[in-house]
Amino acid sequence: MGSLSKESFDEFLESLKQAGIEIVKEGEVRERLAEVQRWRDAFTTIVSNGSRIGILFKSRDGNINQAKIHRTFAEFQFPEKSEALFSATIKANL
């Protein structure tokens with residue numbers, strides 16, 4: 001399950017990638033999440049504002065496993081509004 005440990009954001013990002021998500025500037029995302037204690041809040045902020053600095057979340061090949069994305073957000077204990085924002089961002093970047 002999603003713990004509050006620093007390592008869990010790595011597992012979270014890997015789960016998103018396994019669901020068909022490409023993370024543009026992934027290294028920068030990882031750096032930002034590693035710097036904060038509340039990485040879930042930071043991730044949601046990055047999803048909201050990342051495009052301004054070139055951070056994008058998009059379909060790797062047009063095939064997104066929405067069920068896996070939902071399970072990932074639930075496993076890592078994100079609020080529903082964060083998942084909705086992420087889904088809207090992915091759709092906008094198609």
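Data block above holds the structure.
Described below are features of the structure shown in this document. Because the structure is predicted, anything quoted here is derived from the model rather than measured.

### Some words on the packing of aromatic side chains
Per the counting criterion, the structure on display carries 15 aromatic pairs. With 5.6 Å between their ring centres and 65° between their planes, Phe57 and Phe86 make a pair best called edge-to-face. Taken as a pair, Phe57 in strand 2 (residues 56-59) and Phe86 in helix 5 (residues 80-92) lie far apart in primary sequence, 29 residues in all. For Phe86, a relative accessible area of 0% puts it in the buried group. Geometrically, the ring pair formed by Phe73 and Phe86 is tilted, given 5.3 Å between the ring centres and 45° between the ring planes. Residue Phe73 is located in helix 4 (residues 66-75), and its partner Phe86 is located in helix 5; the two are separated by 13 residues in the primary sequence. Grouping aromatic residues by their ring pairs yields a cluster made of Phe9, Phe12, Trp39, Phe43, Phe57, Phe73, Phe76, Phe78 and Phe86.

### Observations concerning the pattern of salt bridges
Counted by the stated rule, this structure contains seven salt bridges. Among the ionic pairs, Arg30 bridges to Asp10, the shortest N-O distance being 2.5 Å. Of this pair, Arg30 sits in helix 2 (residues 26-34) while Asp10 sits in helix 1 (residues 8-18), and the two are 20 residues apart along the sequence. A residue is classified by how much of its surface remains accessible, and Asp10, at 32% relative accessible area, is partly exposed.

### Describing the side chain of Glu83
Within the fold, Glu83 resides in helix 5. Here Glu83 occupies a buried position and makes no salt bridge, while the nearest side chain of opposite charge, Lys91, is found at 9.6 Å. Look past the residues within four positions of Glu83 in its chain and what remains in contact with it is His70 and Phe73.

Criteria and cut-off values
- Residues numbered from 1 in each chain as written.
- Predicted model: local features only at pLDDT ≥ 70, side-chain atom pairs only at ≥ 80, totals over all residues.
- Heavy atoms only, no water.
- Phe/Tyr/Trp six-rings, centres within 6.5 Å; stacked < 30°, edge-to-face > 60°.
- Helix = DSSP H or I, 4+ residues; strand = E, 2+ residues; numbered from the N terminus.
- Buried < 20%, exposed > 50% of the residue type's maximum accessible area, 1.4 Å probe, protein only.
- Salt bridge = Lys/Arg side-chain N within 4 Å of Asp/Glu carboxyl O.
- Lys, Arg positive; Asp, Glu negative; His and termini not counted.
- Contact = heavy atoms within 4.5 Å.

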